[in-house]
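# What the coordinates show
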Amino acid sequence: IDPPYNTGGNGDTFAYNNRFKHSTWLTFIKNRLTIAKQLLTPDGAMIVTIDENEHLELGLLLKELFREYEIHCITIVHNPRGIQGTNFSYTHEYAFFVIPKGKKIIGNRKIEDKDVNWNNLRNWGSESKRADAKSCFYPIIIDKLTNQIIKFGDVCSDDFHPAVNIDNGDFVEIYPIDKNGIERKWRYARQSVEKIKDLLQVKVVSGNYDIQIGKNFGIYKTVWIDKKYDANEYGTKLVKALVPNCKFDFPKSLYNVYDCIHSFVAGDNNSIFLDFFAGSGTTAHAVIELNKEDGGNRKFILCEQMDYVKDITVKRVQKVIQNNDGGSFVYMELKEWNQKYMQAVQEANNTETLLNIYEQMKKEGFFRYQINLSEFDENQFSDLSLNDQKKVLFQCLDKNHLYVNIKEIEDTTYNISAQDKKLNKSFYKKI
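The following paragraphs examine the structure supplied in this document. (Residues numbered from 1 in each chain as written. Predicted model: local features only at pLDDT ≥ 70, side-chain atom pairs only at ≥ 80, totals over all residues. Heavy atoms only, no water.)

Here the focus is the overall build of the protein. Along the backbone of the protein there are 11 helices and 15 strands. Counting every position in the protein, which comprises 431 residues, the buried fraction comes to 43%. Restricting the contact set of the protein to residue pairs at least 6 apart, pairs at least 24 apart contribute 68%. Mean positive and mean negative side-chain charge positions of the protein (57 and 58 charges, respectively) differ by 3 Å. (Helix = DSSP H or I, 4+ residues; strand = E, 2+ residues; numbered from the N terminus. Buried < 20%, exposed > 50% of the residue type's maximum accessible area, 1.4 Å probe, protein only. Contact = heavy atoms within 4.5 Å. Lys, Arg positive; Asp, Glu negative; His and termini not counted. Charge placed at Lys NZ, Arg CZ, Asp CG, Glu CD.)

Written out as structure tokens, the structure is:
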């Protein structure tokens, strides 16, 4: 999840309320984290991103709520140009990883081909000679035409002393012998070398063949620095290319989110992601890209309460699916009840309209139990300013009934169609 960072200023990076008091913000987040914990599977993980404004508070809250979990705080450099400050220019944000304690959840980090560090498969230094590990002295056989490894030979007998390379026409046998002719050993024994074949490459130097090893994976570090995490280049510009009218000034880099989810589901093609601060839809985009890369069948559920969802989030997901030539998603809205009156009151521009809304509210709306309708005085109401009139009607409505709950789906009051009932029951696994 990518909640409001509570920056306290108007120039924030989210189309959310970003001016909470610390205590209000903590209550706001705690309620959502408590429910999120109930939804986690036994081997499920949660990632919460934040910046310096609520970093310390969020960390303490997570430790309080998730005592039986490991909590790791990762630093991600997402704005290398920095945000101007009085004393420091901030270039980073944080991602809290909440994972089951004592389990291997985080997988291996992918290393781009250009960043792979290649070294000799042949050992060097102390305890690197043939006699130190006889099972590590054997030929690696390559195809001269393609310079590809085709197989590994058997461990050599003690009385066999070959040259570095033995040319057999179309094939070459390569032995772990250094440039001084000293018989060394490969870093992997014959019985285990085939497991790392994909990490090997053939190198030709001055007509001689040698074998190198380079890992294209590694353990995730606690500081992530890469230009692909730049939220301007791979967030703002990327999203606006998909949805030109996007109102998000600084959405997450796609690759920031991609690497977060890749870290714990790279080997699980059937994971389900829930993001209840959907924003511009970066989580959905990242899941779609990951599925495209490895043929996975991962699913995402996004929740968003802001009204930009139709024009930004939905359109972005549609565009990504279209560009990737595959995939689908279902878009649903909560069934409004009191919310429709809240919206109507908000948009009203005169007293007459508000009074008409009030009459409709009395017929179908849910009022707070403290409200006594007999005390409503139309004349006193009309004497108020339009702003105060709206506040009165807002105060009348029970906010627990803004939308129709799933448990009330069969109530004829709400006139829910058979099609909507079927869809909801399917979604909630009730049929």
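Read on, since the account is not over.
This brings us to helix H2 (residues 55-65). Among all positions of H2, only His 55, Leu 58, Gly 59, Leu 61, Leu 62 and Leu 65 are buried. One side of H2 holds all its buried residues, which, seen down the axis, span an arc of 165 degrees. In H2, the exposed positions that point more than 90 degrees away from the buried face belong to Leu 56, Leu 60 and Lys 63. Contacts from the buried residues of H2 go to helix H1 (22-39), strand E1 (46-50), strand E2 (69-77) and strand E3 (92-100). (Arc of directions from axis to C-beta.)

Counting across every chain of the model gives 15 aromatic pairs. Judged by centre distance (6.3 Å) and plane angle (50 degrees), the rings of Phe 264 and Phe 273 are tilted. Since its relative accessible area comes to 8%, Phe 273 is described here as buried. Pairing Phe 276 with Phe 277 gives two aromatic rings, centres 5.6 Å apart and planes at 45 degrees, and the pair type is tilted. In terms of burial, Phe 276 and Phe 277 fall into one category: buried. Linked through ring pairs, Phe 97, Tyr 220, Trp 224 and Tyr 229 together constitute an aromatic cluster. Across from the ring centre of Phe 66, 5.5 Å away, lies the NZ or CZ of Lys 37, which sits over that ring. Positioned over the ring face of Phe 137 is Arg 130, at 3.9 Å from the centre of the ring. (Phe/Tyr/Trp six-rings, centres within 6.5 Å; stacked < 30°, edge-to-face > 60°. Lys NZ or Arg CZ within 6 Å of the ring centre and 35° of its normal.)

Strand pairing in a sheet takes place through backbone hydrogen bonds and is either antiparallel or parallel in direction. With antiparallel pairing, the four strands of this open sheet are ordered in space as E7-E6-E9-E8. Two strands close off the open sheet at either side, each with one partner strand: strand E7 (148-152) and strand E8 (165-167). The average angle at which neighbouring strand axes cross in this sheet is 30 degrees, direction not considered. (Pairing = 2+ DSSP bridges. Axes fitted to C-alpha atoms, helices over the stretch in contact; angles between N-to-C directions.)

In this section: the environment of Ile 76. One can find Ile 76 in strand E2. When the C-alpha positions of Ile 76 and Thr 91 are compared, they lie 8.5 Å apart, and in sequence the two are 15 residues distant. Excluding residues within four positions of it along the chain, Ile 76 makes contact with Thr 91, His 92, Glu 93, Ala 95, Trp 224, Tyr 229, Asn 256 and Cys 260.

On to unusual backbone geometry. Within the chain, Glu 127 stands out as a residue other than glycine whose phi angle is a positive 55 degrees. On the secondary structure map, Glu 127 appears in the loop between strand E5 (119-120) and strand E6 (140-143). Using a relative accessible area of 65% as the deciding quantity, one classes Glu 127 as exposed.

Another point: H1. Between its first and last C-alpha, H1 extends 26 Å over 18 residues, near the 26 Å set by a 1.5 Å rise per residue. Buried residues of H1: Trp 25, Phe 28, Ile 29, Leu 33 and Ala 36, and no others. Taken around the axis of H1, the buried residues stretch over an arc of 120 degrees, which confines them to a single face. The exposed residues of H1 that point more than 90 degrees off its buried face are Ser 23 and Gln 38. (Expected span 1.5 Å × (residues − 1).)

What you see with E6 is no split at all: Ile 140 and Ile 142 on one side and Ile 141 and Asp 143 on the other are buried throughout. As judged from the four bridges shared by E6 and E7, these two strands associate in the antiparallel manner. The residue of E7 that forms the bridge with Ile 141 is Lys 151. The loop that links E6 with its antiparallel partner E7 comprises four residues; one of these, Asn 147, has a positive phi angle of about 55 degrees.

Before going further, it helps to spend a moment on the sheet that holds E5. Across the sheet, three strands lie side by side as E5-E11-E10; this open sheet has antiparallel pairing. Two strands close off the open sheet at either side, each with one partner strand: E5 and strand E10 (200-205). Examined bridge by bridge, E5 and strand E11 (residues 208-213) share two bridges and lie antiparallel to one another. Among the inter-strand pairings, Asn 119 is bridged to a residue of E11, identified as Ile 213.

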